[in-house]
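# Reading the structure
Spelled out from the first residue to the last, the chains are:
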Amino acid sequence: MAPPTAEHAIDWDEIRLHVVTGKGGTGKTTLAAALALAIASAGKSVLLCEVEGRQGIARLFDVPPLPYEERRIASGPNDGGDLYALAIEPEAALLEYLAMYYHLGRAGKALDKFGVIDFATTIAPGVRDVLLTGKVYEAVHRNRRSRNARQYDAVVLDAPPTGRITQFLNVNSELSGLAKVGPIRSQADTVMTLLRSPRTAVHLVTVLEEMPVQETADGIDGLHRANLPVGAVMVNLVHSNELDDAARTQAISGRLPEEQIRADLAAAGLDPDPALVDGLCTEAREHAQRRALEDEERRHIEKLDVPVLDLPRLPEGVDLGGLYELAAELCEQGVR
Amino acid sequence: MNDRRTLARRGPLAGRAESAPPLDVDALVRDPATRIVVCCGSGGVGKTTTSAALALRAAEHGRKVVVLTIDPARRLAQSMGIEALDNTPRPVPGAEATNGGSLDAMMLDMKRTFDEVVESQASPEKAAQILANPFYQALSSSFAGTQEYMAMEKLGQLHQDAVRTGRWDLIVVDTPPSRSALDFLDAPERLSSFLDGRFIRMLLAPARGPARFMTAGLGVVTNALTKVLGTQVLRDMQTFVAAFDTLFGGFRQRAQKTYELLQATGTSFLVVAAPEPDAVREAAYFVERLEEERMPLAGLVVNRVSQLPPGGLSAEEAVAAADRLGRTGDSDTAGLTAGLLRLHAERARIVARETRVGRRFTAAHPHVPTVVLPALPTDVHDLDGLRLVGKLLGGVPGNAAAS
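In what follows, the accompanying structure is described. (Residues numbered from 1 in each chain as written. Chains lettered and ligands numbered in written order. Predicted model: local features only at pLDDT ≥ 70, side-chain atom pairs only at ≥ 80, totals over all residues. Heavy atoms only, no water.)

What follows covers the overall build of chain A. Scanning chain A for helices and strands turns up 14 helices and 8 strands. Within the span of chain A, comprising 336 residues, buried residues form 57% of the whole. Contacts in chain A between residues far apart in sequence, at least 24 positions, make up 72% of those at least 6 positions apart. Carbon and sulfur atoms form 49% of the exposed surface of chain A, whose accessible area is close to 14,100 Å². (Helix = DSSP H or I, 4+ residues; strand = E, 2+ residues; numbered from the N terminus. Buried < 20%, exposed > 50% of the residue type's maximum accessible area, 1.4 Å probe, protein only. Contact = heavy atoms within 4.5 Å. Areas by Shrake-Rupley, 256 points an atom, 1.4 Å probe, with all protein chains shown as cover.)

Moving on, we get to the environment of arginine 112 of chain B. Residues and elements named next belong to chain B. With respect to the helices, strands and loops of the structure, arginine 112 is situated in helix H4 (residues 110-121). In contact with arginine 112, other than residues within four places in its own chain, are Asn87 and Glu119. A polar side-chain atom of arginine 112 sits 3.2 Å from a polar atom in the side chain of glutamate 119. (Polar contact = N/O pair within 3.5 Å; in protein donor to acceptor, adjacent residues only side chain to side chain.)

With that settled, the discussion passes to the sheet that holds strand E4 (residues 82-87) of chain A. Within a sheet, adjacent strands bond to each other through the backbone by hydrogen bonds, running parallel or antiparallel. Residue and element names in this part refer to chain A. Read across the sheet, 8 strands follow the order E3-E4-E2-E5-E1-E6-E7-E8 without closing on themselves; strand pairing throughout is mixed. The two strands at the open ends of the sheet, each matched to only one other strand, are strand E3 (71-75) and strand E8 (308-312). Going from strand to strand, the sheet's axes swing by 25° on average, the running direction of each strand aside. Alignment of E3 against E4, held across 4 bridges, turns out to be antiparallel. Paired with serine 75 across the bridge in E4 is aspartate 82. Across the sheet, helix H13 (residues 274-303) touches strand E6 (200-206), strand E7 (230-238) and E8, and the angle it forms with E7 is around 170°. (Pairing = 2+ DSSP bridges. Axes fitted to C-alpha atoms, helices over the stretch in contact; angles between N-to-C directions.)

Let us now look at the environment of arginine 353 of chain B. With respect to the helices and strands, arginine 353 of chain B occurs in helix H15 (residues 334-364). Linking arginine 353 of chain B and proline 275 of chain B, residues 78 residues apart in sequence, is a C-alpha distance of 8.7 Å. Once residues within four sequence positions are removed from consideration, arginine 353 of chain B is found in contact with Leu314, Pro315, Glu316 and Gly317 of chain A together with Pro275 and Glu276 of chain B.

What follows concerns the sheet that holds strand E4 (residues 102-107) of chain B. Residue and element names in this part refer to chain B. Reading across from one edge, E3-E4-E2-E5-E1-E6-E7-E8 is the order of the 8 strands in this open sheet, with mixed pairing throughout. Edge positions in the open sheet fall to strand E3 (90-91) and strand E8 (370-374), since each of these has one partner strand only. Across 6 bridges, strand E2 (residues 64-69) lies against E4 in parallel orientation. Counterpart to lysine 64 in the pairing with E4 is serine 102. Where helix H13 (residues 277-292) meets the sheet, its contacts fall on strand E1 (36-40), strand E6 (267-273) and strand E7 (297-305), and the angle it forms with E6 comes to roughly 160°.

Next up, the structure:
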């Protein structure tokens, strides 16, 4: 598959925060993990975060559920890159935040006891998102002066789905109606500066079907309007290219050269049973029909004018091995 | 997540992955005792399409149906005449059945539904005050679970309308694409327990009279909150909670009623899945949860299952033959035939993987009636497409359904 064209290139060295979103069921978590692996394989230290409490990362890497603590989950040979993972929980992040900025040791516990933590993280508008993005911000922004903290070359965030991504990242405007001044507000402002900078890129995962592609277009629109930086569209589950255009056209109209195919099958040592030839032609027709729909969706994606990364459909599904295959695929397309 | 109940596995503790009993969707929708069908499952498995197809099939069997969809694809919504998100059931053009059946459709407007609940429970002035509060606006548009809760609220309303007017005798409900399928069962409980919470009562305390609630602990809490949120936010919060106070009881009651409606005879759940590990895992959780809650499960719908045409060639044989053709084939079409063989090998591998995924579910839940729908080469976005899916749901074999 072709690497992104020059005018569409993404500056992989500049970006410190990769936000991966996508419609449910398109493989958002899988591709966030593959992206993190691909970047780490270039010798970098990468943190992969999830924020939806699903433990999707642990499941993918086949490790026990992640605590609210950065854990190394993969590392390359000869110091060749490390991948850490963190499941961010808003409740824990809020307590950490209170302890860090307000030294609220005892009060923090009292807040928890009174159900305030629960309140703040479930309903107080935007607070949950401020906390989640705030923790990500903290991980991106660590430097040598930070005590006891690991530094990362890049952070990959398995973010909420496309329908909610702009609202999630746009914590600033979300809060404007409520916290007009005060500490939460200034925290939100700092986070927004990072999110709107060229050090951030929001990647959108889709598959070549009508609704996910439509949602991707709407998502990009929303991100543009909120001045949030759009990275790549990651097209997942791309069908293989076993048949060329001519063959697909023939397959759709039922004009595949069955006699010759029969002869070829016999030459290859197979029993050229009519049912076999028939079956192969049926499969070819269905494949060609699906591909025709996908080509239409791909034209929509091309019109979006953003870099595109293609990830193949793995017939065996995505296990740990498949995840590394997808990462290699991303490396070949220029990710580093 | 502390809001997510840990579930022990549920079901027979030993079993073989034999084939599950078939799910007879036609019998389900033809049975006049079936009044509500709830389609649930994780996101991206085709719930909306399944709900719409089921509703259309029921209407064509003579039922008077209303289908509540959550977030249909644009073209599907257009073809059903429900582009506008206005909470009003409308007849679906082209679905006029000849045998007394009818099909209405609507798309859920979550915020509007919530507003209506508030308006029906509070005096006009109070309602206006609540609707304008920023905390209410966030609660009604972005609280995790609000969409699930409002879908159930709407179901309750439709059910009342149906009983009162006789306009419908079957309600089909699509459920929101939750992070977890369980969210929607938990939403009413979560929302009402949240609104009943200790913190809320604490916020109300100053408004309710003497400062006897002002214990030392509370003082620390209020100070901390002011420090973090600022006084303005705290004041908004108190206004909201005070205004909402009178509604709490009402919410709890409604949540309880909804729950009872879901358990009632006449309600059936269809769990929808796709042959992917995540979707099947969610389906299994759901099936187990429904049993635990004594909610009536009709069965499992597995969408988009890949199938192999007869021919019996294995993936390995196909790849080997394709390789041989690549090396020695000298005909003009050798490349094409090799491509066909590789395509077949890919399909065979997908089928094998999906079968493995399905078998894991069946072994743990052998008693759950199941219907398997083949993957369609084209998308479903018109009534003909829905009719086709409806036939497949009704157990008509793929090739017969297409003709």
